[in-house]
4 protein chains.
Amino acid sequence: METTTRRQQTPVSAPPAAPLADRLRSIRALTRALVAPLSDADATIQSMADASPAKWHLAHTTWFFETFILRDHLPEYRLFDAEWPFLFNSYYEAEGPRHARPMRGMLSRPSLDDVLAYRAHVDAHLERLPDRPELAALIELGLNHEQQHQELLLTDIKHALSLNPLAPAYASLSPFSIEPTGAMDWECHEGGRHRIGHDGTGFAFDNEGPAHDVLIEPFALARRLVTNREWAEFIADGGYRNPALWLSDGWAWINAEAIRAPLYWQDNAAFTLAGLQPLQPDAPVAHVSFYEADAFATWAGHRLPTEFEWEAAAAAHDSAGGTQLDEAVGVHPAGSPSLFGDCWQWTRSAYLPYPRFRPAAGAVGEYNGKFMSGQCILKGASCATPRGHSRATYRNFFPPEKRWQFTGVRLAKDI
Amino acid sequence: METTTRRQQTPVSAPPAAPLADRLRSIRALTRALVAPLSDADATIQSMADASPAKWHLAHTTWFFETFILRDHLPEYRLFDAEWPFLFNSYYEAEGPRHARPMRGMLSRPSLDDVLAYRAHVDAHLERLPDRPELAALIELGLNHEQQHQELLLTDIKHALSLNPLAPAYASLSPFSIEPTGAMDWECHEGGRHRIGHDGTGFAFDNEGPAHDVLIEPFALARRLVTNREWAEFIADGGYRNPALWLSDGWAWINAEAIRAPLYWQDNAAFTLAGLQPLQPDAPVAHVSFYEADAFATWAGHRLPTEFEWEAAAAAHDSAGGTQLDEAVGVHPAGSPSLFGDCWQWTRSAYLPYPRFRPAAGAVGEYNGKFMSGQCILKGASCATPRGHSRATYRNFFPPEKRWQFTGVRLAKDI
Amino acid sequence: METTTRRQQTPVSAPPAAPLADRLRSIRALTRALVAPLSDADATIQSMADASPAKWHLAHTTWFFETFILRDHLPEYRLFDAEWPFLFNSYYEAEGPRHARPMRGMLSRPSLDDVLAYRAHVDAHLERLPDRPELAALIELGLNHEQQHQELLLTDIKHALSLNPLAPAYASLSPFSIEPTGAMDWECHEGGRHRIGHDGTGFAFDNEGPAHDVLIEPFALARRLVTNREWAEFIADGGYRNPALWLSDGWAWINAEAIRAPLYWQDNAAFTLAGLQPLQPDAPVAHVSFYEADAFATWAGHRLPTEFEWEAAAAAHDSAGGTQLDEAVGVHPAGSPSLFGDCWQWTRSAYLPYPRFRPAAGAVGEYNGKFMSGQCILKGASCATPRGHSRATYRNFFPPEKRWQFTGVRLAKDI
Amino acid sequence: METTTRRQQTPVSAPPAAPLADRLRSIRALTRALVAPLSDADATIQSMADASPAKWHLAHTTWFFETFILRDHLPEYRLFDAEWPFLFNSYYEAEGPRHARPMRGMLSRPSLDDVLAYRAHVDAHLERLPDRPELAALIELGLNHEQQHQELLLTDIKHALSLNPLAPAYASLSPFSIEPTGAMDWECHEGGRHRIGHDGTGFAFDNEGPAHDVLIEPFALARRLVTNREWAEFIADGGYRNPALWLSDGWAWINAEAIRAPLYWQDNAAFTLAGLQPLQPDAPVAHVSFYEADAFATWAGHRLPTEFEWEAAAAAHDSAGGTQLDEAVGVHPAGSPSLFGDCWQWTRSAYLPYPRFRPAAGAVGEYNGKFMSGQCILKGASCATPRGHSRATYRNFFPPEKRWQFTGVRLAKDI
């Protein structure tokens, strides 16, 4: 799986600075490229309620453009199929009733070809939109939404294929090299008053604002992610059997679910988008839950960072660096000195509104605010995050027991 | 949906009396024909643990021939794929571990084409078998097994497609006419000592024997099945709200599951293999559970027959009559004067071993005996039963709450 | 636990032949005696939905007399408390809504003393009833109903106390001796036409009739129950790990519930009504499910009897023999040559209506008929069955996975 | 239920400033007084896994003193019963295995009298302790722990009695008057840098520290709690049917559980510790979940406060004010101008560690830290909180869907 030289990455996507119409074409094209390795059957199955079929991602991202842009702003537009909005609305209550999420895997029809025709139809109409600022804002939102689903498409199909005893590959792995890692090295921060949240320049999701100041105590942040080797040591030391290391909910969860290793680990191998592959000791550990991340940090004598600490530290880092998604290949964490990339990083912060946060009006306002309970903040980006999508103020969030995203651990400590 | 003339049925299958090799070819061909309307995605999805993907039925029936005949009796035979037996063994403990039943819908790979290649491979080897009596017996068992899966394939895909809000059709309906029905008419039987079970001539499953005598009281059996019109009257009369009509388990079940009509009913229509179609008042009601059948009989002032009464009455009937499966079209109950066909008929008999019953030795012995608890006997045949498969001694069985088979009601009464 | 001489049993109950008024007093008195060892708290707790608190049994049996006799037939009678019928109706839909069964353990009020006052009140009014035949029949039904609850009271409190880690005793054990057992000995029956069911002389439940003839093949029935020693051999031989021995539902059940021994076994001891006691190798095994009984029989190369075989054999036995309940002490299977007593015996028969069975009209008709699905017939009587309550035609019934009754195994075989 | 004059409260407890030995006696005495109205059966039952039997609270608080003080620090001490620690350890993993929480309601033995004897035994030994500072700290912890269980004892028995259809009373209500409420009035705060957390003077739980500064934006806090009248308006306005008002998890929860009103509401009445009582429109609403509190605040156009806002505002308030627990009577929210009392107040803050928080070493360190996920902070105190137990820095916490505590709503808004 290792190669000696790291290939130059040739992004398929237009960079964030590119004209919007170019970005629209390139981002939509990347989604299509991501399903190219999949059969109609691959694109249809749903492995759990949390995940969606690849076909559904294709259609739902298209429904978003069709509904909030074409239907609402292009008077002559006719719906591609009047029955499909019921199928491809995800959770927008304001948009009416919708198909039950756990039943998405029953949609053998429409076929993958039908859904690709839907995409072509909507893409063709998007080309005809007038050049108006409020439409540009909606398109930008639609593109960022689509990038999120690109990542989900990859993590969802990885999960689905992992349940097939034949361990089929999505694609061959992106070539990558893994550098040997040494002892943990720390970057110190002196704390104090820090500006947090998005200041209003460029696109951001509503949950990233309003910008505001917070007080941070001095802390240090690890210069790299926790590796598979270190995780194996945690296991060998009885990490999953010692209740003193675990949050109470986490201890209940690992015992109820018989969790004894990261998701996808099988002996000395792990299921990847390229099928079963040997574990790379120096690669960042991925597919761990918040509970596991927290227990590991306790075992290591450290802790997880808060989202504010992480964001304060990120000011000095390039959010487009590290291992992120550039093209439709099998992606996998490889490790890098960047604060971003490889794995989303669990923080010790709950997903809560910033002071004076107000959701946007209308259905689009359901995007983030209503999920602000029971979830944890993750920062950074993963190998499946389209490069250019994340930033220092980005607030990713998942429930503490979820593991099917590329989620890993960066340690912090008080100084 | 009605047509004025009933088309002559041209059976694809060779009749039971045909040479075994011809029957092998024609029955295997019918299975292939049954999946012709399905896409790879259609053939992959699994709607519930009780049902299996169409692709799985194709492969499992082939695994049966590969395992019990080719592997065991054709020395030079090599498995088509050494990993597939794990996937396509259904429940034969003696054949080793196997894929969990509720996960069959995750098998986007192998593809439908791969599975059809598997069938072709096994069919080609079956042509090379020597002409030995013990092989003939196993082939006969394999063919009867395959016919059972033909019926399940149709009922399983019907269930899966019914969960798609688009109500897609499997195929256009088999043309059929529905005769107006009048008041219930009864055929009387004087009771006495009756020979029950299979006497050993021709193929039968092990659960149909040993033949033995039973005593039967005088009784009458309805000359036709209960119709949709009668069922609508039962509903209108509060049948689903009156606990006095129901077995205690049935009352708990309809309330826990919010059952208020037969499966697939939606207002005045019903989902069929041809999509949503208007309810036919004179057609036999289908897709009711044993609990519903029993409650209806109580409401009607009658009862369900025992399996012995039904079998005694069947002596005078042609088991190949009535609405049964002849070719790969959408099937649907139409009604007929035959005791067989349209819908399997719930009896008041539990599925228990006959006196001196002993399962066969080896894995094939797991076929029937181990299911002899918690299930009810059904007699007759349905519109999805391959014509020629059933007979008077046939003992079909399902748990009392299952409804996705074509299951209906024939009333009985004491005289 | 063993004593050298078996004490003469002095029945508290008046024998079935005694005048009804005497039997009423003595049976009601035995129920009171059975709760004498219990505190208010003991009598309040409910260990599972299947079981009821002792206090509830006291009140429910009294409600039965109050409702169906005093309220309906004693014009001046006033309900002891107008709110209590809601609490103490068990399952009679015709008697209106009622307290949810799994919530019976929440009734810390009324207190045990309040309930005993209720019993005294109803008993006093029962003394004033006119001497009318239809009342005698209802009283007889009420007494037989109360005897059933005497047995349930003992098995329910045993289950509840077993969940207390202190393993508290209900009472000291009834003194008993256990005879050494030898190899299994068989009693042969030639089969033929047998009269089954109750002929109408003396009390019987409605499910015991109508009497009718059945045909039975020649068979042999074991002269004693399966012992703890034999069960330990079954375990040692891997009986709980070999799927070939089990019905499919049973195999799923033991694995889902991690069943590896009879209920109440802990190493070489078992929880009894007298607390934890050493296992007696020669005593009949108790607290096994139908699934376990069937698997054991298969392992032993034999089978369970049908209810008809058992009843045919019982013609030659005294139904008041063997280890049955005579007084309020801790009861426990000890073994005896009687066909009756020690443990109820699982049969291979499902609980179904006899030919021409019709439930009685009104609420009392809900007594038996509505449970005729999903349950198995047990014959005989147990150490907790009030002596005189059972008879050859008695049809006890429980679901196949239940184990908290004194249920054991008598083997049968074809000859 | 209303009375015209509010009776002078005569606290049973010694005030926090009293000598420790006096406080020990008075707090332990209040616990005994709280169970005086309960029978052995009342004190035994457990209504849900979240709640514990009153008897268990009595024993567990005693176990805490026995284990961490007598056993560890009084050399001659012998355990009252060597088997009881297994029963009465709550969740301290370091103290070894323990009885499963949902099974606490099976402990009909030991009896209430036995448990009171255990308390007397331990109390007698506590009198003999030497006067050492580290023991004083443990006693103080034990007393604060016991006060928490006093509140739980009341809320748990309220829940248990509420499930009895007879709606029995725990005790007569504490006499109280309810003042008419007017429009919502607001107290403004200018925000800025605030000191948060406990500074080390007097007792506090570990989760209240370390003290640290936070930045707060200007805000206003309501001068009173939301009332039953306002909640009824929320219901009448369709509050429970409008998804736009709810967090996504909350919307799923109210629909799954069919929640349409606060816990214990029945038409215009509510179940109280004094049985069913008419709803008091001007009394604070109680027994609402975080989800409901948040939805109400959204409906009202406001929001919940953060824990920091609440604590900053509390600097000006007496934490011993308002409706809190003084003696063993039925308690109920009555309303008061105090920031404390009546109901615990849900905040918008997740229960997370303060910067540089470290749990204490040993079993006592399991007290708080391990619950820091998935829970919400509540501030203030309730009518069931022993007066003197709470303070401005106190961090109560419960999962967002729990309602059986006296939990209510104080609104906040941005200014």
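Residues numbered from 1 in each chain as written. Chains lettered and ligands numbered in written order. Predicted model: local features only at pLDDT ≥ 70, side-chain atom pairs only at ≥ 80, totals over all residues. Heavy atoms only, no water.

Moving on: the sheet that holds strand β7 (residues 275–278) of chain C. All names here are of chain C. The strand order across the open sheet built from three strands is β5-β6-β7, with neighbouring strands paired in antiparallel fashion. In the strand order of this sheet, the two ends are held by β5 (265–266) and β7, each with one partner. In terms of strand pairing, β5 meets strand β6 (residues 269–272) through two bridges, oriented antiparallel. Each residue of the ladder has a partner; that of W265, found in β6, is A270. (Pairing = 2+ DSSP bridges. Helix = DSSP H or I, 4+ residues; strand = E, 2+ residues; numbered from the N terminus.)

Now for the relation of the copies chain A and chain D. Here the two chain copies are tied together by a rotation about an axis and a shift along that axis. Rotating chain A by 180 degrees about the axis while translating it 0.0 Å along that axis superimposes it on chain D, leaving an RMSD of 0.0 Å. The transformation just described matches what one would write down for a two-fold rotation axis. By C-alpha distance to the rotation axis, the residue of chain A lying nearest is G374(A), at 2.8 Å. Both copies present the same face, since 100% of the interface residues in chain A are matched by interface residues at the equivalent positions in chain D. (Least-squares fit on C-alpha atoms with pLDDT ≥ 70 in both. Contact = heavy atoms within 4.5 Å.)

On to the interface of chain A and chain D. Buried accessible area, meaning the area lost when the parts come together, often serves as the stated size of an interface. Tallying the contact residues gives 33 residues for chain A and 33 residues for chain D. Between chain A and chain D lies a buried interface of about 2500 Å² when both sides are counted; carbon and sulfur atoms form 50% of it. In this structure, the connection of chain A to chain D is made through two salt bridges. For the interface between chain A and chain D, the tally reads 12 residue pairs in polar contact (both at pLDDT 80 or more). Where the side of chain A that touches chain D is concerned, the elements lending two or more residues are β3 (212–216), α7 (248–256), α8 (290–299) and β8 (344–350) of chain A. A per-class count over the side of chain A that touches chain D returns 16 nonpolar, seven polar and 10 charged. (Buried area = accessible area lost by both parts, 1.4 Å probe. Salt bridge = Lys/Arg side-chain N within 4 Å of Asp/Glu carboxyl O. Polar contact = N/O pair within 3.5 Å; in protein donor to acceptor, adjacent residues only side chain to side chain. Nonpolar A, V, L, I, M, F, W, Y, C, P; charged D, E, K, R; others polar.)

The next subject is helix α8 (residues 290–299) of chain C. All names here are of chain C. Counting buried positions along α8 yields eight of 10 residues, so the element is predominantly enclosed. Within α8, the full set of buried residues consists of F290, Y291, E292, A293, D294, A295, F296 and A297. Those residues of α8 that are buried are in contact with α6 (228–236), α7 (248–256), β8 (344–350) and β9 (376–380). Looking at the residues trailing α8, positive phi occurs at G301, about 80 degrees. (Buried < 20%, exposed > 50% of the residue type's maximum accessible area, 1.4 Å probe, protein only.)

Turning to the domain arrangement of chain A, a few remarks are in order. Residues and elements named next belong to chain A. According to the domain assignment, chain A consists of domain 1 (20–162) and domain 2 (186–414). Taking only C-alpha atoms, the centre of domain 1 and the centre of domain 2 are 26 Å apart. Counting residues at the interface gives 30 residues for domain 1 and 31 residues for domain 2. Across the domain 1 to domain 2 interface the summed buried area is about 2700 Å²; carbon plus sulfur atoms make up 67%. On the domain 1 side of the interface with domain 2, the three residues burying the most area are Y91, E151 and K158, jointly 26% of the side's total. The interface formed by domain 1 and domain 2 holds one salt bridge in total. Across the pair D50 and K402 runs a salt bridge, and its minimum N-O distance is 2.7 Å. In this assembly, domain 1 and domain 2 are joined by 11 residue pairs in polar contact (both at pLDDT 80 or more). Only α1 (20–35), α2 (54–73) and α5 (133–162) provide two or more residues apiece to the side of domain 1 that touches domain 2. Broken down by element, the side of domain 1 that touches domain 2 gets its largest block of residues, 17 residues, from α5. (Domains from an automatic or database assignment.)

Residue and element names in this part refer to chain D. Read across the open sheet, the three strands follow the order β1-β4-β12; overall the sheet is antiparallel. Edge positions in the open sheet fall to β1 (186–189) and β12 (412–414), since each of these has one partner strand only. Strand-to-strand twist of the sheet, defined as the mean angle between neighbouring strand axes without regard to direction, takes the value 25 degrees. Where β1 meets strand β4 (residues 219–222), four bridges bridge the pair, whose relative direction is antiparallel. Each bridged residue has a counterpart across the sheet, and for W186 the counterpart in β4 is A222. (Axes fitted to C-alpha atoms, helices over the stretch in contact; angles between N-to-C directions.)

All names here are of chain C. The terminal C-alpha atoms of helix α2 (residues 54–73) lie 28 Å apart, and with 20 residues this matches the ideal 28 Å at 1.5 Å per residue to within 8%. Residue E66 marks the point of greatest curvature in α2, where the axis turns by about 35 degrees. Of all the 20 residues making up α2, 17 are buried; the element is thus mostly covered by neighbouring parts of the structure. (Expected span 1.5 Å × (residues − 1). Bend = angle between axes of the 7 residues up to and from the residue.)

Let's shift gears to the relation of the copies chain B and chain A. Screw-axis analysis of chain B against chain A gives a translation of 0.0 Å along the axis, an RMSD of 0.0 Å, and a rotation angle of 180 degrees. Most of the interface of chain B is mirrored in chain A, where 100% of its interface residues are also at the interface.

The next thing to look at is the interface of chain B and chain A. At the junction of the two partners, chain B supplies 29 residues and chain A supplies 29 residues. With both chains or domains summed, chain B and chain A bury close to 2200 Å², and 62% of this area falls on carbon and sulfur atoms. Area buried by chain B at its contact with chain A is led by M106(B), R109(B) and L166(B), which between them contribute 31% of it. Summed over the shared surface of chain B and chain A, the result is two salt bridges. Its salt-bridge partner being R109(B), residue D42(A) comes within 2.9 Å of it at the nearest N-O pair. For the pair chain B and chain A, the number of links is eight residue pairs in polar contact (both at pLDDT 80 or more). With three residues, the single largest contributor to the side of chain B that touches chain A is helix α3 (residues 84–88) of chain B. Residue composition of the side of chain B that touches chain A, by class: 17 nonpolar, eight polar and four charged.

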